[in-house]
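Spelled out from the first residue to the last, the chains are:
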Amino acid sequence: MIPKAMPQEAVLLIGGLGTRLGELTKNTPKPMLPLNGRPFLEYLLLRLNKQGCRRFILAVAYHAEEVRRYFGDGKKWGVDIVYSDPDGRQLGTGGSIKEAEELIKGGHFFVLNGDVYFDAPLRELWAFHAQQAASVTLGLAGVPDGGRYGRVALEPDGHISAFLEKDPGSGGPATINGGLYVFDKKVLGAIPCGADFSLERELFPKLTGRGLYGRCFPKAFFIDIGTPEDYRRAGQLRRFGGAIGE
């Protein structure tokens, strides 16, 4: 039985190396890159708290001490923060969640990529997940150019039927993985302990047709700061304290 109340717990994946950003992430984790005086991750925490998340498990690895030093236990922001740290090992998106398993209190929880700001409504995503009795539900974003992202094939009932590989030559509008998920904790049994394991390449394809759903929010704001160009663009947006509205 899936509870009616929305989970207030989220795992944030913030341990990656951020190699595409070059010198910017040489000594700084990607989610800690500053945008007008605040780390990108702080904007993400504030948005999630506003939508009802109160407890955060930060899955750290690369320069974890910088994250701990800034956010501490979260009381400054009125939230509870705990850390899952595999001693700097890179475990991938799936392995990082598995590492945090014992810290997750609820039977269902949100997962977010820490380098993505996707303003999809959590309550709507949760309601869909609960209605479908899903194992995992992906929040899907609409982007004007899907060439640098893998596309998601979605059935009318919300089942995800396939993931299409990145194709820089394809271009055009696309429905993509927004890096925002709702998980049934039971799914973590499919992830091996201590392994470098990818949600996108190893778990989600196995779940297609077996409880994997997606809900698209084509009008929700989405930005991924994983490239220098998009990081610079984020610094110009009003929602991150910049002067240009979008």
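Let us look at the structure shown here. (Residues numbered from 1 in each chain as written. Predicted model: local features only at pLDDT ≥ 70, side-chain atom pairs only at ≥ 80, totals over all residues. Heavy atoms only, no water.)

### Digging into the pattern of salt bridges
Oppositely charged side chains are able to pair whenever their charged atoms sit close together.
Here is step 1: For the coordinates displayed, the defined rule picks out twelve salt bridges.
Here is step 2: The closest approach of N and O atoms between E99 and R89, which form a salt bridge, is 3.7 Å. On the criterion of sequence distance, the pair formed by E99 in helix α3 (residues 92-99) and R89 in the loop between β5 (80-84) and α3 is long-range, its members being ten residues apart.
Here is step 3: Within the structure, one salt-bridge network assembled from shared partners comprises E9, R55 and D80. (Salt bridge = Lys/Arg side-chain N within 4 Å of Asp/Glu carboxyl O. Helix = DSSP H or I, 4+ residues; strand = E, 2+ residues; numbered from the N terminus.)

### Observations concerning the side chain of S84
Here is step 1: Within the secondary structure layout, S84 lies in strand β5.
Here is step 2: A residue is classified by how much of its surface remains accessible, and S84, at 5% relative accessible area, is buried. (Buried < 20%, exposed > 50% of the residue type's maximum accessible area, 1.4 Å probe, protein only.)

### A word on the pairing of strand β10 (residues 160-164)
Here is step 1: As defined by bridge partners, strand β9 (residues 151-154) adjoins β10 across four bridges and the pair is classed as antiparallel. From the neighbouring strand, L154 faces β10, where its bridge partner is I160.
Here is step 2: The loop that links β9 with its antiparallel partner β10 comprises five residues; one of these, G158, has a positive phi angle of about 95 degrees. (Pairing = 2+ DSSP bridges.)

### A closer look at helix α5 (residues 199-207)
Here is step 1: Those residues of α5 lying buried are L199, L203, F204 and L207. Buried residues of α5 fall within an arc of 90 degrees about the axis and therefore sit on the same side. Turned more than 90 degrees off the buried face of α5, the exposed positions are R201 and K206.
Here is step 2: Summarising the contacts, the buried residues of α5 are in contact with α3, β8 (136-143), β10, β11 (174-184) and β12 (212-217).
Here is step 3: In the stretch just after α5, G209 is the one whose phi turns positive, near 80 degrees. (Arc of directions from axis to C-beta. Contact = heavy atoms within 4.5 Å.)

### Some details on the nonpolar core
Here is step 1: Grouped together as the largest cluster of nonpolar side chains are 39 residues, with contacts concentrated most on L12, F56, L58 and F110.
Here is step 2: When neighbours within four sequence positions are excluded, F110 is seen to be in contact with M6, P7, E9, A10, V11, C53, L122, L125, W126, L180, Y181 and V182.
Here is step 3: Core analysis: the next-biggest nonpolar cluster, separate from the first, contains 25 residues, V11, F109, V152 and I191 among them. (Core = buried A, V, L, I, M, F, W, Y, C linked by side-chain atoms within 4.5 Å.)

### Thoughts on unusual backbone geometry
Here is step 1: Even without being glycine, D87 reaches a positive phi, approximately 55 degrees.
Here is step 2: Looking at where D87 falls in the secondary structure, it is placed in the loop between β5 and α3.
Here is step 3: The backbone of A133 sits at a positive phi, close to 50 degrees, despite the residue not being glycine.
Here is step 4: Tracing the backbone through its elements, the reader meets A133 in the loop between α4 (122-132) and β8.

### Focus: the packing of helix α1 (residues 40-50) against helix α2 (residues 64-71)
Here is step 1: Interaxial distance between α1 and α2 falls to 12 Å at its minimum, and their mutual angle equals 50 degrees. Viewed along their axes, α1 and α2 adopt a mutual orientation that is oblique. Read as a crossing pair, α1 and α2 show a hand that is right-handed. Contact residues: L41, E42 and L45 in α1; V67, Y70 and F71 in α2.
Here is step 2: Partitioning the contact of α1 with α2 into residue classes produces five nonpolar, no polar and one charged. (Axes fitted to C-alpha atoms, helices over the stretch in contact; angles between N-to-C directions. Parallel < 35°, antiparallel > 145°, perpendicular 65-115°, else oblique. Left-handed = near helix turned anticlockwise from the far one by under 90°. Nonpolar A, V, L, I, M, F, W, Y, C, P; charged D, E, K, R; others polar.)

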